[in-house]
Amino acid sequence: MITIGLTGWGDHDTLYPDAETAKRKLPTYAEWFRTVEVDSSFYAVQSQRNMDKWTQETPVDFRFLVKAYQGMTGHARGRIPFPDEAAMVEAFRLSLTSFREAGKLGAVLFQYPPWFNCTRENVAKLRADKAAMGDIPCALEFRHQSWYAGDMRERTLRFMREEGWIHSVCDEPQAGEGSVPIIEEATHEAMTVVRFHGRNAAGWQGSGQPNWREVRYLYRYSELELSEWAERIERLQAQSEQVVVIFNNNSGGDAADNALQLMQMLGQTPPRGSYEPPGPPDDGVEQLELF
């Protein structure tokens, strides 16, 4: 099974054309897609109230891919609002209760930062982080090339299989050490995650620059690029029971259109019904108007 969705449900204006749909974004979003990446959980461990509300607002077959809290993956800078690491992990685990009880938790996504390179210390952290999550399904995404350089590629994939990690396969700019190539391989028979970050190489590593976060994921995939990925995703489907595809190219409002295009290519009809694709293919030209 291939399930396609977006990062978050708040930034996709084309899905909410009027005041009524804008008031009920998640239920409206769920009329188009059956999965979503919860990225707010990266910035703060979410309250039980939020998680209960989101569980109630979605259909029974809806699934959440929850991004691990930044304090768990080494992104956080400054004080973490927990007495210790064990308390932080426990709070995060408890926040998943509503999703788990409703059968709506797809997996937790551990995305490690660009400075998280391939070292013995970091391999030990991966083992500890996975063990701390118990039986919760966990997807793993790197942002440093060293994990896949040379013979490390096969060793990293073998490690992920042995430890029970779900592979998060990325499409992202090839912009030096702080990016990873497309590794078309599943590591878990139950699930593979695919995340589309766009190919905006100029904006990928611009932290510290004005509006960096607004332009980093500024990219619209062309029909040709999506058709190539449709073939990859079908091959990945042969390796695992479910492929969860997430479009993260949100900066210019392109994610929803691209996701619905890909659904159409794969012969899927959105839950809401028919979809008219956007204008003619752009042949992969990056949208850099904001620079």
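Residues numbered from 1 in each chain as written. Predicted model: local features only at pLDDT ≥ 70, side-chain atom pairs only at ≥ 80, totals over all residues. Heavy atoms only, no water.

Asker: Just checking my understanding: could you explain the overall build of the chain for this structure?
Answerer: Secondary structure assignment for the chain yields 13 helices and 8 strands. By the compact-globule yardstick of 19 Å for 291 residues, the chain fits well, its C-alpha radius of gyration being 18 Å. The proportion of buried residues among the 291 residues of the chain is 52%. Long-range pairs, those at least 24 residues apart, make up 77% of the contacts in the chain between residues at least 6 apart in sequence. Here the chain displays about 13200 Å² of accessible surface, and carbon together with sulfur accounts for 48% of that area. (Helix = DSSP H or I, 4+ residues; strand = E, 2+ residues; numbered from the N terminus. Rg over C-alpha atoms; globule rule 2.2 N^0.38 Å. Buried < 20%, exposed > 50% of the residue type's maximum accessible area, 1.4 Å probe, protein only. Contact = heavy atoms within 4.5 Å. Areas by Shrake-Rupley, 256 points an atom, 1.4 Å probe, with all protein chains shown as cover.)

Asker: What is the right way to look at the packing of aromatic side chains in this model?
Answerer: Between two aromatic rings, the relevant description is the distance of the centres plus the angle of the planes. Summed over the entire model, instances satisfying the criterion amount to 18 aromatic pairs. Relative to Phe64, the ring of Phe62 has its centre 5.0 Å away and its plane inclined at 65°; by these criteria the two rings are edge-to-face. With respect to burial, Phe62 and Phe64 carry one shared label: buried. Considering the side-chain rings of Tyr221 and Phe247, the 6.3 Å spacing of their centres and the 80° angle between planes classify their relative orientation as edge-to-face. Placement of Tyr221 in the loop between helix H11 (212–215) and helix H12 (223–237) and of Phe247 in strand S8 (residues 242–247) is noted, with a sequence separation of 26 residues between them. Tyr221 gets classed as buried once you look at its relative accessible area, which sits at 1%. Feature note: the residues Phe110, Tyr112, Phe116, Phe142, Trp147, Tyr148 and Trp165 constitute an aromatic cluster, connected by ring pairs. In this structure, Lys67 is placed above the aromatic ring of Phe42, and the distance from its NZ or CZ to the ring centre is 4.8 Å. (Phe/Tyr/Trp six-rings, centres within 6.5 Å; stacked < 30°, edge-to-face > 60°. Lys NZ or Arg CZ within 6 Å of the ring centre and 35° of its normal.)

Asker: Help me out: how do you make sense of the pattern of salt bridges in this one?
Answerer: When the charged atoms of two side chains with opposite charge come close together, those side chains can pair. Applying the stated criterion to the full structure yields 19 salt bridges. A salt bridge links Arg24 to Glu31; the nearest nitrogen and oxygen atoms lie 3.9 Å apart. Classification of Glu31 as partly exposed rests on a relative accessible area of 28%. Where Arg232 meets Glu184, a salt bridge forms, and the shortest distance between an N and an O atom there is 3.9 Å. With Arg232 in helix H12 and Glu184 in the loop between strand S6 (166–171) and strand S7 (191–196), the pair connects residues that are 48 residues apart, well separated along the chain. Looking at Arg232, the relative accessible area reads 19%, which means it is buried. A single salt-bridge network, built from bridges that share partners, covers Glu37, Glu141, Arg143, Glu172 and Arg195. (Salt bridge = Lys/Arg side-chain N within 4 Å of Asp/Glu carboxyl O.)

Asker: Is there a simple way to explain the sheet that holds strand S4 (residues 105–111) in this structure?
Answerer: Working definition: the strands of a sheet are paired by backbone hydrogen bonds and lie parallel or antiparallel to each other. Sheet architecture is closed into a barrel: 8 strands sit in the order S1-S2-S3-S4-S5-S6-S7-S8, paired in parallel fashion. Each strand of the sheet is rotated relative to its neighbour by a mean of 25°, with strand direction disregarded. (Pairing = 2+ DSSP bridges. Axes fitted to C-alpha atoms, helices over the stretch in contact; angles between N-to-C directions.)

Asker: How should the packing of H12 against helix H13 (residues 255–265) be read in this particular structure?
Answerer: Packed helices, taken two at a time, are described by their axes: the angle between them and the distance between them. Packing of H12 against H13 leaves a shortest axis separation of 10 Å and a crossing angle of 55°. Considering the angle they form, H12 stands oblique to H13. For the element pair H12 and H13, the recorded crossing hand is right-handed. Taking contact as the criterion, the partners of Glu223, Leu226, Ser227, Ala230 and Ile233 in H12 are, on H13, Asn258, Gln261, Leu262 and Met265. (Parallel < 35°, antiparallel > 145°, perpendicular 65-115°, else oblique. Left-handed = near helix turned anticlockwise from the far one by under 90°.)

Asker: What is the right way to look at the side chain of Asn248 in this model?
Answerer: Among the secondary structure elements, Asn248 is positioned in the loop between S8 and H13. Note on Asn248: relative accessible area 8%, which makes it buried. Side-chain polar atoms of Asn248 contact the side chain of His197, separated by 3.0 Å. Residues in contact with Asn248, not counting those within four places in the same chain, are Thr7, Arg195, Phe196, His197 and Tyr217. (Polar contact = N/O pair within 3.5 Å; in protein donor to acceptor, adjacent residues only side chain to side chain.)

Asker: When you look at the nonpolar core in this model, what are you seeing that I'm missing?
Answerer: A general trend in soluble globular proteins is that nonpolar side chains are found buried together. Counting residues in hydrophobic clusters, the biggest one holds 67 residues, and the most contacted among them are Tyr29, Val245 and Phe247. Among residues more than four places away in sequence, those in contact with Tyr29 are Gly5, Leu6, Gly8, Trp9, Leu15, Tyr16, Thr35, Val36 and Phe62. The next biggest cluster of nonpolar side chains, apart from the first, holds 9 residues, and it includes Leu109, Ile166, Met191 and Val244. (Core = buried A, V, L, I, M, F, W, Y, C linked by side-chain atoms within 4.5 Å.)

Nothing here speaks to function; it is all geometry.
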